[in-house]
There are 2 protein chains.
Amino acid sequence: MNWGRELKYSLVLFGLCLSAASAAQTDPLSSWNDGSVKQAIIEFVQTTTRPGSPQFIAPAERIVVFDNDGTLWAEQPIYFQLFFAMDRVKALAAQHPEWESQEPFASLLKGNLNAALAGGESAIAKIMMASHAGMTTEQFERIVKDWLTTAKHPRFKRPYTDLVYQPMLELLGYFRSNGFKTFIVSGGGIEFMRPWTQAVYGIPPEQVIGSSIKTKFEVHEGKPVLVRLPEVNFVDDKAGKPVGINSHIGRRPAAAFGNSDGDRQMLEWTQAGDGPRLMVLVHHDDATREWAYGAESKIGTFSDSLASAAKKQGWSVVSIKDDWKHVFAFEK
Amino acid sequence: MNWGRELKYSLVLFGLCLSAASAAQTDPLSSWNDGSVKQAIIEFVQTTTRPGSPQFIAPAERIVVFDNDGTLWAEQPIYFQLFFAMDRVKALAAQHPEWESQEPFASLLKGNLNAALAGGESAIAKIMMASHAGMTTEQFERIVKDWLTTAKHPRFKRPYTDLVYQPMLELLGYFRSNGFKTFIVSGGGIEFMRPWTQAVYGIPPEQVIGSSIKTKFEVHEGKPVLVRLPEVNFVDDKAGKPVGINSHIGRRPAAAFGNSDGDRQMLEWTQAGDGPRLMVLVHHDDATREWAYGAESKIGTFSDSLASAAKKQGWSVVSIKDDWKHVFAFEK
């Protein structure tokens, strides 16, 4: 046996492995296929963070906002928060015998989702208030956390938090490693997201903006609590998104990511600032790995008018089918 | 001449200067006199940040909140924002001939402040809406910045931002250098504070919570703007402070600083959390260097009930007279 040769061979192999690892490390967006969107993102980050660049953005102004449903995680066949609300209604049904004859609860408890949601916005509002109000903020946080550990998505049979988009996780990390502060700006409930955004996205609660119901400070048996009231406080959707951004962040984002008509004003507001801006829409066109939907969809509507606006205003549009090598981490 | 001796002498002097500078550096709270409050603050920071300490607070949970008026800067003879509002009314009077016969504007324009404010909350609300609404958020920011460069406090004849408390500036820096995230939680206007908190306190806009009026997304001549409406959105005072903290931060502070009845619920909410907590009230008892006021004052009321609560619940109370070596930087 030639130990010397053996050793040399091992070292070469080891070296090859190191190079491979190092090559993988050089692409922080490895789940993105090369293409115009990936290129636009990298170019934006590089030109805005290189000292001396005419496009340089000061670290404090590096604010990037992300819609959540359909942008960071999936949203089909219905917003995941609605699955949560329905599970809550079922769990609370024993305390509400009147629901057996009241819509939308009656249909929902019979398992007839379509009939339950036939009442539209008003039916959804009733389900939301019945399931999201009437407890303290701490109790609600616990309920959300518990639900996430047990609930499974009907198609993928996995926890909902498995349905976050791997390319977007990489993007969040890429922005942060370049000094950007990442915020969520979602139509979803602010207190539905905050219990898990740090663990799942690396985004702390103070960087999560969403819709909310009113809360009230009370003292229960000597202990101060915040009670969640069945009353809408703020709807962080459409024209509400720039309002929410202004209220919570107080400065205009440098970049914004969305996926539907609900994000249009957020992208417009972002673009209207001086200097370099990046606006990106995720388009769901991959029925095999995820879902394909657009103008006709009630959830995550991507209207023709939004598509024209994107074209006219130079926004990048992600094709999940073409731009994403992987959609979910569990695919790999 | 003995150059060698001269040089030696210079080196010794230089050394002495270095030691003096270094001694000064060892006390990050040099404008605080030694005493129980300073000691409580230092002990809290040391025990919550020392790795392995049973009181250790994880960096992400190191949230400290500060009231603004009367806690970080002065608030007499009236809240400084009210001076701003009055100056705005004067500046806008030419466009509002009707104000000559309408209260509280008529009295205010005649320079009769007491008569103008005789209408109480409702008069103040009218002045606030007339002066704070009807422009875009960007225009309002510019107006606030311009005002701060020209307006002078009536007693000190200095810009209002000179009336920030030097010991509190040191405290903000001390907390931040120990990994705490500093937030303002003020009854004052959120958009009145944000244009200057970074420069004056080192607190970025996204860490400023305050009262607000509603804003509306509109497109003016093709440009998206947020218009400020004459309608109250949120009052960040008293029981509103825990609500504002929950809405903006989404976690409970580890420490809270206030100075009046308006801060009581914020301190109670802070204290109700698990683990180590620090609650501090600033008491204004120095008429010579600042002001002396308490239970009887309309601005910054420090009621007997608040004093009892502080005693009973173990909150620290700063005596400006005894605890602060300097009140304002310009004194030194």
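Worth saying up front: this structure is predicted, and the values here are computed from it rather than measured.

Caption draft 1: Region of interest: the overall build of chain A. Scanning chain A from N- to C-terminus turns up 13 helices and seven strands. Structurally, chain A occupies a C-alpha span of about 80 × 60 × 50 Å along its principal axes. The buried share among the 332 residues of chain A stands at 51%. Pairs at least 24 residues apart make up 65% of the contacts formed inside chain A by residues separated by at least 6 positions. Within the structure as shown, chain A displays about 15,100 Å² of accessible surface, and the carbon and sulfur contribution to it stands at 54%. Both charge centroids of chain A, one from 35 positive and one from 37 negative side chains, sit 4 Å from each other.

Caption draft 2: Focus on the sheet that holds strand S4 (residues 223-234) of chain A. Read across the sheet, seven strands follow the order S4-S3-S2-S1-S5-S6-S7 (chain A) without closing on themselves; strand pairing throughout is mixed. Sheet topology places S4 and strand S7 (316-319) of chain A at the edges, where each strand pairs with a single neighbour. Put simply, the sheet's adjacent strands are angled 30° from each other on average, direction ignored. Note that strand S1 (residues 63-66) of chain A and strand S5 (residues 255-258) of chain A share three bridges and pair parallel. Its bridge partner lying in S5(A), Phe66(A) is registered against Phe257(A). Sitting on the sheet, helix H11 (residues 264-271) of chain B touches strand S3 (208-220) and S4 of chain A, and the angle it makes with S4(A) is about 110°.

Caption draft 3: The arrangement of the interface of chain B and chain A in detail. With 32 residues of chain B at the contact, the number on the chain A side is 32 residues. For chain B, the biggest contributors to the area lost against chain A are Glu206(B), Phe217(B) and Asn246(B); these three give 22% of the whole. At the boundary of chain B and chain A, one finds six salt bridges. Between Glu206(B) and Lys181(A) there is a salt bridge, with its nearest N and O atoms 2.9 Å apart. Inspection of the chain B/chain A interface yields 16 residue pairs in polar contact (both at pLDDT 80 or more). Among the secondary structure elements, those contributing two or more residues to the side of chain B that touches chain A are helix H7 (137-150), strand S2 (181-189), helix H9 (190-201), strand S3 (208-220), strand S4 (223-234), helix H10 (240-248) and H11 of chain B. Among the elements that make up the side of chain B that touches chain A, the one with the highest residue count is H10(B) (five residues). Classifying every residue of the side of chain B that touches chain A gives 15 nonpolar, eight polar and nine charged.

Parameters and conventions
- Residues numbered from 1 in each chain as written.
- Chains lettered and ligands numbered in written order.
- Predicted model: local features only at pLDDT ≥ 70, side-chain atom pairs only at ≥ 80, totals over all residues.
- Heavy atoms only, no water.
- Helix = DSSP H or I, 4+ residues; strand = E, 2+ residues; numbered from the N terminus.
- Buried < 20%, exposed > 50% of the residue type's maximum accessible area, 1.4 Å probe, protein only.
- Contact = heavy atoms within 4.5 Å.
- Areas by Shrake-Rupley, 256 points an atom, 1.4 Å probe, with all protein chains shown as cover.
- Lys, Arg positive; Asp, Glu negative; His and termini not counted.
- Charge placed at Lys NZ, Arg CZ, Asp CG, Glu CD.
- Pairing = 2+ DSSP bridges.
- Axes fitted to C-alpha atoms, helices over the stretch in contact; angles between N-to-C directions.
- Buried area = accessible area lost by both parts, 1.4 Å probe.
- Salt bridge = Lys/Arg side-chain N within 4 Å of Asp/Glu carboxyl O.
- Polar contact = N/O pair within 3.5 Å; in protein donor to acceptor, adjacent residues only side chain to side chain.
- Nonpolar A, V, L, I, M, F, W, Y, C, P; charged D, E, K, R; others polar.

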